[in-house]
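Topology and contacts: notes
So the chains spell out like this:
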Amino acid sequence: MRRPPGNGEAASEGIGGWGLWGRQEARRLGCAGHDHCGQALLQIGINMMALPGGRHLDSIPLPGQRLHLMQVDSVQRWMEDLKLMTECECMCVLQAKPISLEEDAQSDLILAGGPGPGDPLQLLLKRGWVISTELRRIGQKLAQDRWARVHSMSVRLTCHARSMVSEYSAVSRSSSQEMGQIEKLLMEKCSELSAVTERCLQVENEHVLKSMKACVSETLSTLGQHFGQLLELALTREVQALVRKINASDNIYTTESTTGNLFSLTQEGAPLCRIIAKEGGVVALFKVCRQDSFRCLYPQALRTLASICCVEEGVHQLEKVDGVLCLADILTDDSHSEATRAEAAAVVAQVTSPHLPFTQHLGSFLESMEEIVTALVKLCQEASSGEVFLLASAALANITFFDTMACEMLLQLNAIRVLLEACSDKQRVDTPYTRDQIVTILANMSVLEQCASDIIQENGVQLIMGMLSEKPRSGTPAEVAACERVQQKAAVTLARLSRDPAVAREAVRLSCMSRLIELCRSPSERNSSDAVLVACLAALRRLAGVCPEGLQDSDFQQLVQPRLVDSFLLCSNMEESFV
């Protein structure tokens, strides 16, 4: 199940601005190295346990075999005899030798099963990942003053850099003058790093080493910058080639393959998304989405666009080519498949994300907002799967942050009824991520006075009450965080709606006050979340103002009567142990 776009995780970038390349590729490559020493120890242990004296049953020659052994040469006879011997000193050394847990112990095996021939993109990504990792590790060893390790890793880094340059030159097109200059600077800095770290091994004076450490650190930083520049130039050339291929192709299979390559690149992080946007990737993909002959490729192209638009450059390019209008056309055209409209909703969710400040200036969106909101509500109503509903509801949730008029549109479109009915359909709403989108829409709509009557009419208070008890099923950090958001927004929605006495009385009848008190007093019920605590205290005070008889004296004196900050401090300190 995909999570809604627009909630991207921050990517950690290494020296030179390039992060750890290709998480899936890294996992695959990391499996290439096996611990042969560990396997040998295991086999020796099995042989020793088989029979006293370290002899294995299968290795004992039978009487009929001894005549054969006398007829072979001495070397083969010696190898056969080894099976029957155990040298105690060697065995003790092997058993006592620890298997290294150093993270760089297997780094020489990282490129086992490397990129295929004639694949410059994969070569750049894999070599880039390795070199970025080596730079980070060298920095760590340098901070620990482990000079022998720093030098050996610097030599290995030079080998990786030289391999990347030579291998890419062999499979790529003619190199530009700028790339040639940066390649030369990179290799010079690699040689300089190896030389200076070798000199450091021969220095014993701490003051001299301290000054040389600053020199090594500066060289390492400059090397990282040259590496980042070279990698960006090389990847830019490859992206340009892919974009040209999409623009020039009228073959559906070629376009599908090239678009798939672009999508794979977007999964490598924000730096590559910026390159794709700058080199015309957004323009080329919308060109695909405007050709009827490529209708079957719309979902793939839209999915790639959603990934590119996580960066500011992608959103700007989308606006320049009237991308919002194209998305509106796709969403409102029932002849398109549900998958196509769902991917268009994903792009809308991405470009309206409240977590991206640059999307708030998307002026062209307001012109098509009514058409888009109407189409998204219809997609939520007709969704055949949880993923489709998730993408459509995420887009609606983000739009309610984007412009306040959207809430009034949703009210007129009976969106509350559509969303609340979906909550009882496990095929459409089956995860806390989806309920997070629904309660976000309800919370933003609850600022409208006329929203309260619709909520009561559709038994929405009971649904909100259920959301206060949202619990994670898997216990993963992402799901736990989603459950916290659901609880917090449910409490906010309840507080806003309780301005209407009818909603407040309904909430008290459904024992909402008891649940709010439990969330305030029991940190485990809210996963020790301060945000949930504040929202629950606010909702409880709003309900107590309408129906104070629903509270016990102790609850009123501790949770309602004091200042909000005092009640917060009282409840947040309940989880502390003074044992």
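Here the structure is a predicted model, which is why all the values come from computation and not from measurement. (Residues numbered from 1 in each chain as written. Predicted model: local features only at pLDDT ≥ 70, side-chain atom pairs only at ≥ 80, totals over all residues. Heavy atoms only, no water.)

Residues Val75, Trp78 and Met79 make up a contiguous nonpolar surface patch of about 350 Å² in total accessible area. Turning to its location among the elements, Met79 is positioned in helix 4 (residues 74–82). (Patch = residues over 30% accessible without salt bridge, like charges linked within 9 Å, V, L, I, M, F, W, Y side chains within 5 Å. Areas by Shrake-Rupley, 256 points an atom, 1.4 Å probe, with all protein chains shown as cover. Salt bridge = Lys/Arg side-chain N within 4 Å of Asp/Glu carboxyl O. Helix = DSSP H or I, 4+ residues; strand = E, 2+ residues; numbered from the N terminus.)

It is worth spelling out helix 9 (residues 206–248) at this point. Taking 1.5 Å as the rise per residue, helix 9 with 43 residues should run 63 Å; its terminal C-alpha atoms sit 62 Å apart, in good agreement. Regarding helix 9, its N-cap is Asn205, as a side-chain oxygen of that residue lies 2.8 Å from the backbone nitrogen of His207 further along. (Expected span 1.5 Å × (residues − 1). Polar contact = N/O pair within 3.5 Å; in protein donor to acceptor, adjacent residues only side chain to side chain.)

Turning our eyes to something else, we now look at the pattern of salt bridges. Side chains that carry opposite charge are capable of pairing whenever their charged atoms lie near each other. In the structure shown here, the tally under the stated rule is 19 salt bridges. Notably, a salt bridge pairs Glu134 with Arg156, separated by 3.1 Å at the nearest N-O pair. A residue pair is termed long-range when its members are at least 10 positions apart, and Glu134 in helix 6 (residues 120–143) and Arg156 in helix 7 (residues 147–171) qualify at 22 residues. When its relative accessible area of 0% is taken as the criterion, Glu134 is described as buried. In this structure, Arg521 engages Asp555 in a salt bridge whose closest nitrogen and oxygen atoms are separated by 3.1 Å. You can see Arg521 sitting in helix 26 (residues 512–521) and its partner Asp555 sitting in helix 28 (residues 553–560), a full 34 residues away along the chain. Classification of Arg521 as partly exposed rests on a relative accessible area of 23%. (Buried < 20%, exposed > 50% of the residue type's maximum accessible area, 1.4 Å probe, protein only.)

Turning next to the packing of aromatic side chains. Following the criterion strictly, the structure yields one aromatic pair and no others. With a centroid separation of 5.1 Å and 75° between ring planes, the pair formed by Phe365 and Phe402 is classed as edge-to-face. Placement of Phe365 in helix 17 (residues 363–382) and of Phe402 in helix 18 (residues 386–402) is noted, with a sequence separation of 37 residues between them. Taking the relative accessible area as the measure of exposure, Phe365 reaches 1% and is therefore buried. (Phe/Tyr/Trp six-rings, centres within 6.5 Å; stacked < 30°, edge-to-face > 60°.)

Of all residues in the chain, 79% have pLDDT values of 70 or greater, and the mean over the chain is 80. Confidence drops under pLDDT 50 across residues 5–71; counting only partners more than four residues distant or on other chains, this segment forms 98 contacts. In this model, residues 91–115 is a region of pLDDT below 50 whose contacts with residues beyond four sequence positions or in other chains number 47 contacts. (pLDDT = per-residue confidence, 0-100. Contact = heavy atoms within 4.5 Å.)

Next up on the list: the state of the cysteines. Under the criterion given, the structure shown has zero disulfides. We note that Cys273 lacks a disulfide partner, and the nearest cysteine sulfur, in Cys310, lies 4.1 Å from it. (Disulfide = S-S within 2.5 Å.)

Turning our eyes to something else, we now look at the side chain of Arg526. Structurally, the position occupied by Arg526 is in the loop between helix 26 and helix 27 (530–546). The exposure class of Arg526 is buried, given its relative accessible area of 1%. A polar contact is formed between the side chain of Arg526 and the backbone oxygen of Leu519, at a distance of 2.7 Å. Once you skip the residues sitting within four places of it in the chain, Arg526 turns out to touch Glu484, Gln487, Leu519, Cys520, Arg521, Val532, Leu533, Cys571 and Ser572.

Contact geometry of helix 15 (residues 323–332) with helix 17 gives a least axis separation of 9 Å together with a crossing angle of 15°. With respect to their mutual orientation, helix 15 and helix 17 come out roughly parallel. Crossing handedness for the pair helix 15 and helix 17: left-handed. In contact with Val324, Leu325, Ala328, Leu331 and Thr332 of helix 15, helix 17 contributes Ser364, Phe365, Ser368, Glu371, Ile372, Ala375 and Leu376. Along the lines of polarity and charge, the residues of the contact of helix 15 with helix 17 split into eight nonpolar, three polar and one charged. (Axes fitted to C-alpha atoms, helices over the stretch in contact; angles between N-to-C directions. Parallel < 35°, antiparallel > 145°, perpendicular 65-115°, else oblique. Left-handed = near helix turned anticlockwise from the far one by under 90°. Nonpolar A, V, L, I, M, F, W, Y, C, P; charged D, E, K, R; others polar.)

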